[in-house]
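# Descriptive structure summary
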Amino acid sequence: MAPPQSGSNGGGELLETGLLAAGKEAALASTASTSGRLAPQPETGRVHRRAVAQLREVFLGTKLFPLFAAVPLAVAAEHLRLGRAWVFIFSLIGLAPLAERVSFLSEHIADTAGPTAGGLLNATCGNVPELIIALFALHKEKMEILKWSLLGSILSNLLLVLGSSLLCGGLANSGKERPLDRRQADVSIGLLLLGALCHILPVLSKYSISPGDSISTSGSVLEFSRLSAIVMLTAYFGGLVFQLKTHRQIFEQEEDRSEGSSTNSHDDTEDKPIIGFASAVIWLIGMTVVIAMLSNYVVTTIEAASESLGIPVRFTSVILLPIVGNAAEHAGAIIFAFKNKIDITLGIALGSATQISLLVIPIILLVSWLNGIPMDLDLNLLETGSLVMTIFTTAFTLQDDKWHYLKGFNLTLCYVVIAVCFFSIKALPTPKKVNA
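Residues numbered from 1 in each chain as written. Predicted model: local features only at pLDDT ≥ 70, side-chain atom pairs only at ≥ 80, totals over all residues. Heavy atoms only, no water.

### Things to note about the overall build of the protein
Across its full length, the protein carries 17 helices and 2 strands. Counting across all 436 residues of the protein, residues that qualify as buried make up 45%. A separation of at least 24 residues holds for 85% of the contacts in the protein among residues at least 6 apart in sequence. Summing over all exposed atoms, the protein offers an accessible surface of approximately 21,900 Å²; the carbon and sulfur share of this is 66%. (Helix = DSSP H or I, 4+ residues; strand = E, 2+ residues; numbered from the N terminus. Buried < 20%, exposed > 50% of the residue type's maximum accessible area, 1.4 Å probe, protein only. Contact = heavy atoms within 4.5 Å. Areas by Shrake-Rupley, 256 points an atom, 1.4 Å probe, with all protein chains shown as cover.)

Put into structure tokens, the structure is as follows:
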């Protein structure tokens with residue numbers, strides 16, 4: 001009886017082993033089938049989480065995010081016809097966070113271009129609101145608003161942005177006199193003086209002729225302005241060659257210090273960025289479209305809104321518009337001044353002003369020339385005098401190799417004086433320009 005018993009036990013073991021093996025195979029097959037059906041779900045979840053993270057980074061990654069609510073309010077005010085003043089106010093408020101986010105997105109794109117070229121790209125994108133507003137003003141042939149807004153952008157960068165940065169940075173480092181590298185400032189000041197010369201000569205031409213020759217002089221000023229635009233563009237691109245190619249070593253020391261001081265922070269944040277290059281370009285295009293829409297609202301309603309609010313149009317164009325358009329540069333310059341990176345602050349403020357003077361203004365002039373719209377470099381006497389004194393004041397402020405809060409305080413007060421002047425003194429009507 002022993003052998004049958006042993007055989008019976010062996011058969012049971014074999015049966016049990018076979019059942020276990022079959023169960024494992026079935027489980028594996030079931031798992032493979034299930035995983036094959038569910039494989040897209042984790043990928044879809046990652047895409048969804050990344051999209052949500054980008055939305056959070058773009059819209060909630062700035063302290064100005066509550067101002068985004070002004071964008072739909074501006075659209076609603078325009079379509080519901082709530083009044084020109086409300087459309088203008090909401091549009092102006094909505095431009096502030098958009099300008100800051102454009103600068104933020106340009107930084108992600110500039111990461112692939114290197115520090116110097118990236119900084120230039122950042123400054124270019126930072127001037128997108130001013131350029132779009134100027135193009136809409138040109139399209140509507142509102143020459144005074146066009147010239148005032150571009151002039152105000154230069155004044156704001158040189159006096160308000162640079163002045164408040166030196167003031168805040170100096171107070172944060174009170175009791176200390178910090179060094180600065182004035183070589184970069186000398187390059188920008190020299191280019192700005194060239195731009196100022198191109199504005200001074202058309203104004204002086206008014207006082208060098210007899211009253212009967214005003215028509216011929218207007219045509220001569222227009223021709224001079226268009227030729228000067230070519231010279232200004234040549235000077236700007238010559239400055240780019242100087243900065244990026246032939247004398248790059250002047251700017252390399254500042255870049256090396258900036259990179260060295262942030263090495264530790266980069267080592268701790270080597271994770272893949274939330275917004276990549278392609279995503280940044282798409283977001284930048286979308287932001288630019290919204291800026292164009294709001295800029296159209298601003299240019300269309302600025303005169304009616306200024307009259308309704310009791311504010312001179314010149315004050316609105318020279319002071320209020322540039323403050324909103326330069327929000328990104330203003331915030332960035334102050335932050336770097338707090339961190340005692342004054343060379344970067346100078347690059348932001350002076351670089352943006354130089355770009356407006358020698359790139360944006362000539363481009364607008366050439367576009368007006370191609371479209372047969374008479375636009376010249378004559379800003380009138382008060383505006384030209386303000387520009388020249390602003391450049392001289394900035395140059396004397398940066399003439400030595402030190403900086404402290406008093407220099408920033410002085411520049412900020414100069415901006416206040418100019419703002420009060422444009423608020424209290426009414427603008428004289430500009431005579432019609434002849435076509436040429």
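Still more ground to cover, so stick around.
### Re helix α13 (residues 313-325)
The end-to-end C-alpha distance of α13 is 17 Å, a good match for the 18 Å that 13 residues give at a rise of 1.5 Å each. Where burial is concerned, most of α13 is hidden: 10 out of the 13 residues are buried. For α13, the set of buried residues is R314, F315, T316, S317, V318, I319, L321, P322, V324 and G325. (Expected span 1.5 Å × (residues − 1).)

### Let's talk about the packing of helix α7 (residues 143-172) against helix α16 (residues 381-397)
Running from amino to carboxyl end, α7 crosses α16 at an angle of 25°, the nearest separation of the two axes being 10 Å. As far as their axial angle goes, α16 and α7 are roughly parallel. Between α7 and α16 lies a crossing of left-handed hand. Residues W148, L151, I154, L155, L158, L159 and L162 of α7 form the contact with α16, whose own contacting residues are E383, S386, L387, T390, I391 and T394. The residue inventory of the contact of α7 with α16, partitioned by class, reads 9 nonpolar, 3 polar and 1 charged. (Axes fitted to C-alpha atoms, helices over the stretch in contact; angles between N-to-C directions. Parallel < 35°, antiparallel > 145°, perpendicular 65-115°, else oblique. Left-handed = near helix turned anticlockwise from the far one by under 90°. Nonpolar A, V, L, I, M, F, W, Y, C, P; charged D, E, K, R; others polar.)

### What to know about the pattern of salt bridges
Tallied over the full model, the rule gives 7 salt bridges. The salt bridge partner of E100 is R101, with a shortest N-O separation of 2.7 Å. In this structure, E100 and R101 share a single accessibility class: buried. The partner of D376 in a salt bridge is K147, and the shortest N-O contact between them spans 2.8 Å. Of the two residues, D376 is situated in the loop between α15 (342-370) and α16 and K147 in helix α7; the sequence distance between them amounts to 229 residues. The pair D376 / K147 is uniform in exposure class, with both members buried. (Salt bridge = Lys/Arg side-chain N within 4 Å of Asp/Glu carboxyl O.)

### Topic: unusual backbone geometry
For R81, which is not glycine, the phi torsion reads 55° and is therefore positive. Considering the arrangement of structural elements, one finds R81 in the loop between α3 (70-79) and α4 (84-110). Note on R81: relative accessible area 71%, which makes it exposed. One non-glycine residue, N340, adopts positive backbone phi at about 65°. Looking at the element boundaries, N340 is found in the loop between α14 (327-338) and α15.

### A closer look at the environment of S174
Of note, S174 is situated in the loop between α7 and β1 (178-179). The partly exposed category is assigned to S174, whose relative accessible area is 49%. Sequence separation of S174 and Y405 is 231 residues, and the distance between their C-alpha atoms is 7.6 Å.

### Quick look at the packing of aromatic side chains
Summed over all chains, the structure comprises 5 aromatic pairs. When the centroid spacing of 5.1 Å and the interplanar angle of 80° are considered together, the rings of F315 and F423 count as edge-to-face. Remark: F423 occurs in helix α17 (residues 405-424) and F315 occurs in helix α13; sequence separation between them is 108 residues. By relative accessible area, F315 is classed as buried at 13%. (Phe/Tyr/Trp six-rings, centres within 6.5 Å; stacked < 30°, edge-to-face > 60°.)

### Let's talk about the nonpolar core
Within the largest apolar cluster, 98 residues are counted, with the highest numbers of intra-cluster contacts made by L146 and L162. If we ignore the near neighbours within four places in the chain, the residues touching L146 are A134, A137, L138, I364 and M375. (Core = buried A, V, L, I, M, F, W, Y, C linked by side-chain atoms within 4.5 Å.)

### As for the packing of helix α8 (residues 182-205) against α16
α16 packs onto α8 with a crossing angle of 160° between their chain directions and a minimal axis gap of 10 Å. When the axes of α8 and α16 are compared, the pair comes out roughly antiparallel. Seen along the crossing, α8 lies across α16 with a hand that is left-handed. Every residue of α16 that contacts α8 at I189, L192, L193, A196, H199, I200 and V203 is listed here: L381, T384, L387, V388, I391, F392, T394 and A395. Here the residues of the contact of α8 with α16 sort into 12 nonpolar, 3 polar and no charged.

### What about the confidence of the model for the protein?
Residues with a pLDDT of 70 or more make up 76% of the protein, whose mean pLDDT is 79. Low pLDDT (under 50) marks residues 1-12, which in the prediction has 0 contacts with non-local residues, meaning those over four places away or in another chain. Note on residues 258-270: pLDDT is under 50 here. Beyond four places in sequence and across chains, it has 4 contacts. (pLDDT = per-residue confidence, 0-100.)

### Description of the environment of K206
Tracing the backbone through its elements, the reader meets K206 in the loop between α8 and α9 (214-246). With a relative accessible area of 37%, K206 lands in the partly exposed category. Sequence separation of K206 and S218 is 12 residues, and the distance between their C-alpha atoms is 8.8 Å. When neighbours within four sequence positions are excluded, K206 is seen to be in contact with D378 and N380.

### Some details on a nonpolar patch on the surface
On the surface, a nonpolar cluster with roughly 640 Å² of combined accessible area is contributed by L171, Y405, L406, F409, L413, V416 and V420. In terms of residues, the nonpolar patch owes the most to one element, α17, which gives 6 residues. Structurally, the position occupied by V420 is in helix α17. (Patch = residues over 30% accessible without salt bridge, like charges linked within 9 Å, V, L, I, M, F, W, Y side chains within 5 Å.)

### So, the environment of G332
Tracing the backbone shows G332 in helix α14. For the pair G332 and F104, spaced 228 residues apart in sequence, the C-alpha separation works out to 9.8 Å.

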